[in-house]
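# Tertiary structure, described
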Protein chains: 2
Amino acid sequence: MFKIYHLANCTTCQRILKEIPNLKKFTLREIKSEPITAKELDAMKKLAGSYEALFSRRSMKYRPMGLHERTDVEVIALADPDAAMIARSQKTLANGGRKPAVVYGNGNEDYKNLLKRDDIDAVFICTPWEWHVPQGVAALEAGKFVGMEVCGGMNIQECWDIVHASERTGIPVMALENVCYRRDVLAVLNMVRQGLFGEVVHGQGGYLHDLRQVMLNSGKEDGYGDGVEFGPKGWSEAKWRTQHYVDRNGELYPTHGLGPVAVMMDINRGNRLTRLSSVASNARGLHKYIMEHPKGGPDHPNAKVQFKCGDIVNTQIQTANGQTILLTHDTTLQRPYNLGFRVQGTEGLWQDTGWGDLDQGMVYFEKQMDHSDRWDNSKSWMEQHDHPLWKRYGTMASGAGHGGMDYFVDHAFFECIKRDQPFPLDVYDLATWYAITPLSEKSIAEGGQVQDIPDFTAGKWQQRKPVFGFTDEY
Amino acid sequence: MFKIYHLANCTTCQRILKEIPNLKKFTLREIKSEPITAKELDAMKKLAGSYEALFSRRSMKYRPMGLHERTDVEVIALADPDAAMIARSQKTLANGGRKPAVVYGNGNEDYKNLLKRDDIDAVFICTPWEWHVPQGVAALEAGKFVGMEVCGGMNIQECWDIVHASERTGIPVMALENVCYRRDVLAVLNMVRQGLFGEVVHGQGGYLHDLRQVMLNSGKEDGYGDGVEFGPKGWSEAKWRTQHYVDRNGELYPTHGLGPVAVMMDINRGNRLTRLSSVASNARGLHKYIMEHPKGGPDHPNAKVQFKCGDIVNTQIQTANGQTILLTHDTTLQRPYNLGFRVQGTEGLWQDTGWGDLDQGMVYFEKQMDHSDRWDNSKSWMEQHDHPLWKRYGTMASGAGHGGMDYFVDHAFFECIKRDQPFPLDVYDLATWYAITPLSEKSIAEGGQVQDIPDFTAGKWQQRKPVFGFTDEY
């Protein structure tokens with residue numbers, strides 16, 4: 001039987017384990033709880049050829065988002081009421097040879113004290129969704145650049161709030177949509193800009209990711225798959241994310257699917273999103289998971305929870321320039337991971353079928369493909385049209401979070417601040433993308449009624465020029 | 001260089017040619033215009049081993065829908081104002097050893113004289129879309145069983161008209177939706193009924209088929225790809241289908257994508273379609289085709305035609321039982337053929353990626369697949385769950401039109417009539433599916449506004465039981 005040594009709290013290990021089919025064929029050995037012995041190490045040395053080959057020089061490169069690796073960034077302070085999460089971040093900093101951050105962990109409002117510091121230029125907001133905009137507005141008012149993690153907005157008002165706060169203070173906000181920097185996505189953007197797709201008429205994307213173990217778990221550290229708890233008894237995102245599925249029925253996580261397509265369609269820069277309508281299927285997945293889990297069952301208190309968010313939520317979006325976009329939110333059923341991208345133009349078509357590897361897609365370009373009427377695998381096309389950013393930084397990014405995407409989105413944030421340049425994904429993009437969520441909720445509540453999408457640029461979209469990803473710099 | 005001998009007016013040859021990638025590598029030899037010589041035949045005999053092996057015993061099995069092969073069916077009469085089409089049908093009958101049909105070809109209204117005959121039990125209506133319902137109602141009133149080819153309705157009133165005519169006369173109508181009988185579709189239905197998908201929550205389908213050469217051609221017999229004419233100057237469907245794209249913006253051809261999903265969701269039999277909303281992209285494909293074609297260009301009169309139907313039309317449908325369905329109409333851009341099926345349940349997921357071959361899809365069943373989070377190719381699943389109809393009649397169907405589907409849909413029509421059994425796809429299904437088209441047009445015209453879908457069963461859907469495909473008989 002094959003054996004895998006892994007660290008339970010290492011996200012890279014988690015990612016790699018998730019990529020292995022038939023994991024049950026392997027024996028898993030958690031090396032923190034049961035460390036590797038000298039004898040085992042020698043056995044592995046024999047297999048690998050040297051001791052050195054056993055150690056990745058890229059480990060320790062991860063959280064929080066590689067900040068401890070950049071010589072141009074210092075992590076001054078962390079605000080989180082959750083001591084366990086603070087401890088993990090401090091450990092990452094220590095592993096990177098950085099000094100510990102000052103901690104603001106005294107409840108939910110202590111971040112306000114962090115914002116009073118005058119030795120902080122910028123903040124990342126990666127808190128539960130409901131805190132994004134209040135904390136973002138407070139950070140802008142304290143004069144800090146804001147890098148805002150993605151989610152969907154709580155309501156339309158807060159989308160306006162973050163726009164107005166940025167305009168009032170003159171401080172910019174960057175939407176940290178990492179998938180805009182995925183290697184295949186950037187290669188397709190490159191092809192779109194080089195004209196291979198002709199005129200883009202339709203796009204699709206989504207978040208098709210089985211999150212049942214994230215949303216329901218044991219409550220212990222990394223206790224994924226080991227329980228059906230959420231809220232105070234859950235671990236990590238289950239503490240707060242799951243409640244949104246109890247209370248809300250909508251496209252709860254629009255940006256991974258929408259962001260890349262929006263960039264290709266020049267949304268808020270010569271184009272804009274005008275209307276949407278959404279529909280939601282029955283909500284079956286989370287309840288079924290609780291009912292069938294060994295630690296769940298019909299007598300578990302969570303078996304009585306009524307989840308409101310449909311398993312499949314589809315949203316049709318229209319643009320001012322006449323394109324259509326289809327978004328899918330699919331997070332509570334069994335399925336392989338996929339963001340479901342489709343980019344369709346008058347001369348090209350890309351259909352994404354996997355989790356972002358270059359060969360996990362199909363393309364068709366009739367003029368280059370002898371009118372064959374047959375798909376080609378995407379790999380050679382992606383390689384041939386690799387984006388300048390990946391050509392330049394691909395090696396450096398390859399160890400970073402989410403397959404390298406996180407490197408680029410953070411890099412852009414820092415470089416724009418240092419160079420005093422506008423963020424490539426800005427507060428108008430953030431507000432527009434966030435707005436999809438409350439509008440989808442309203443559409444579903446009204447039986448699928450179409451909703452107008454506000455123009456957060458107040459008409460400026462007609463003059464604004466595309467700025468995302470034109471060079472190899474950021 | 002390789003050589004292919006083919007008959008230009010043989011649909012099987014057309015289909016096979018379409019399946020060959022890089023067709024340009026082959027020399028095409030049209031054997032009607034340039035017959036095979038004795039010398040060539042001898043050369044081929046050497047390659048094939050015998051003269052016998054050179055001749056398919058399945059040729060001549062095709063149009064009109066294999067009727068000339070059934071000993072229980074006699075083709076009495078044909079009504080068509082187009083003499084060229086009549087000639088082709090008569091030839092097929094002659095090739096099948098049948099006597100010529102009586103012809104009613106004296107203009108558009110001559111079908112009424114056909115309907116006066118008392119030696120006809122049933123009619124197939126496979127005329128231009130706008131004639132389906134008027135001819136269907138007339139046939140019902142003349143006491144003939146009606147097999148109705150698929151399309152979308154012209155308006156909601158005609159959907160009611162065909163329902164009321166069938167109810168008034170007591171004569172049933174069958175919707176000839178052949179894709180409901182596609183081998184992979186029936187295997188998935190089989191799996192759904194066996195519980196492999198758990199509870200079905202979402203379905204997708206569509207008509208993603210590049211029809212540019214069908215809609216714009218030379219006007220000569222089978223002059224596909226050889227011109228940009230339509231209307232009176234076009235060939236076959238270009239004579240009438242293309243005008244719908246000039247006049248209408250909607251989901252013009254809903255049934256291939258919707259029918260199979262509707263059957264799996266028991267629509268009109270314990271469930272029903274309640275609402276839809278549609279969006280359409282810009283219409284670019286047909287104009288671009290005219291502009292770029294060697295026989296087109298900016299000075300061709302058709303370059304001035306404004307096509308109204310968007311290249312991509314998406315429709316979100318809701319059902320009474322809480323499922324969602326997504327339909328796509330995508331016929332005027334370059335793309336490989338695909339009907340885009342997705343069937344998603346609490347325990348299973350099927351994604352169709354090709355043109356119906358059993359290996360052209362991906363499935364995921366976590367319980368049977370060790371929670372691998374990885375797609376499996378569909379082939380072995382389809383074979384293992386092959387539908388009883390295909391097990392029994394697969395060999396017989398394999399030569400029939402559209403990969404065998406046409407055999408089954410016609411077989412069901414004849415067997416139900418002979419056995420005095422209700423059609424498995426009936427007038428309520430026909431009306432419901434046809435209604436998608438005018439409702440999608442209205443939705444698009446209103447910016448995507450949601451539309452109620454009428455209940456053509458007038459409440460009977462709550463009592464009606466599923467009847468489609470439960471045995472190997474029809």
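Residues numbered from 1 in each chain as written. Chains lettered and ligands numbered in written order. Predicted model: local features only at pLDDT ≥ 70, side-chain atom pairs only at ≥ 80, totals over all residues. Heavy atoms only, no water.

Here we come to the nonpolar core. Counting residues in hydrophobic clusters, the biggest one holds 115 residues, and the most contacted among them are A:Tyr181 and A:Phe197. With 10 residues, helix α15 (residues 427–445) of chain A is the single largest residue contributor to this core. Here this core spans two domains, since at least three of its residues come from each of domain 2 (67–177) and domain 3 (179–388 + 427–462) of chain A. B:Met215, B:Val263, B:Met382 and B:Ala412 belong to the second-largest nonpolar core, a separate cluster that totals 113 residues. (Core = buried A, V, L, I, M, F, W, Y, C linked by side-chain atoms within 4.5 Å. Buried < 20%, exposed > 50% of the residue type's maximum accessible area, 1.4 Å probe, protein only. Helix = DSSP H or I, 4+ residues; strand = E, 2+ residues; numbered from the N terminus. Domains from an automatic or database assignment.)

Okay, the domain arrangement of chain A next. Residue and element names in this part refer to chain A. By domain assignment, chain A separates into domain 1 (2–54), domain 2 (67–177) and domain 3 (179–388 + 427–462). The distance between the C-alpha centroids of domain 2 and domain 3 comes to 25 Å. Contacts between the two partners involve 28 residues from domain 2, matched on the other side by 33 residues from domain 3. Of the roughly 2500 Å² buried between domain 2 and domain 3, counting both surfaces, carbon and sulfur atoms make up 68%. We note a salt bridge from Glu167 to Lys460, for which the minimum N-O separation is 3.4 Å. In this structure, the connection of domain 2 to domain 3 is made through 14 residue pairs in polar contact (both at pLDDT 80 or more). Elements that contribute at least two residues to the side of domain 2 that touches domain 3 include exactly α3 (83–95), α5 (132–141), α6 (156–169) and β7 (173–175). Among the residues making up the side of domain 2 that touches domain 3, the classes are represented as 16 nonpolar, 5 polar and 7 charged. (Contact = heavy atoms within 4.5 Å. Buried area = accessible area lost by both parts, 1.4 Å probe. Salt bridge = Lys/Arg side-chain N within 4 Å of Asp/Glu carboxyl O. Polar contact = N/O pair within 3.5 Å; in protein donor to acceptor, adjacent residues only side chain to side chain. Nonpolar A, V, L, I, M, F, W, Y, C, P; charged D, E, K, R; others polar.)

Time to look at unusual backbone geometry. The backbone phi angle of A:Asp373 is positive, close to 60°, even though this residue is not glycine. Inspection of the secondary structure puts A:Asp373 in the loop between β14 (361–364) and β15 (376–377). Unusually for a residue other than glycine, B:Ser236 sits at a positive phi of about 55°. Inspection of the secondary structure puts B:Ser236 in the loop between α8 (212–215) and α9 (241–247).

Time to look at the relation of the copies chain A and chain B. These two copies of the chain differ by a rotation about an axis and a displacement along the same axis. Overlaying chain A on chain B yields an RMSD of 0.1 Å, the required transformation being a rotation through 180° with an accompanying axial translation of 0.0 Å. Within this description, the copies of the chain are treated as partners about a two-fold rotation axis. Nearest to the rotation axis, the C-alpha of A:Gln449 is located 2.9 Å from it, this being the minimum over chain A. The overlap is high: 98% of the interface residues of chain A also sit at the interface in chain B, so the same surface is used on both sides. (Least-squares fit on C-alpha atoms with pLDDT ≥ 70 in both.)

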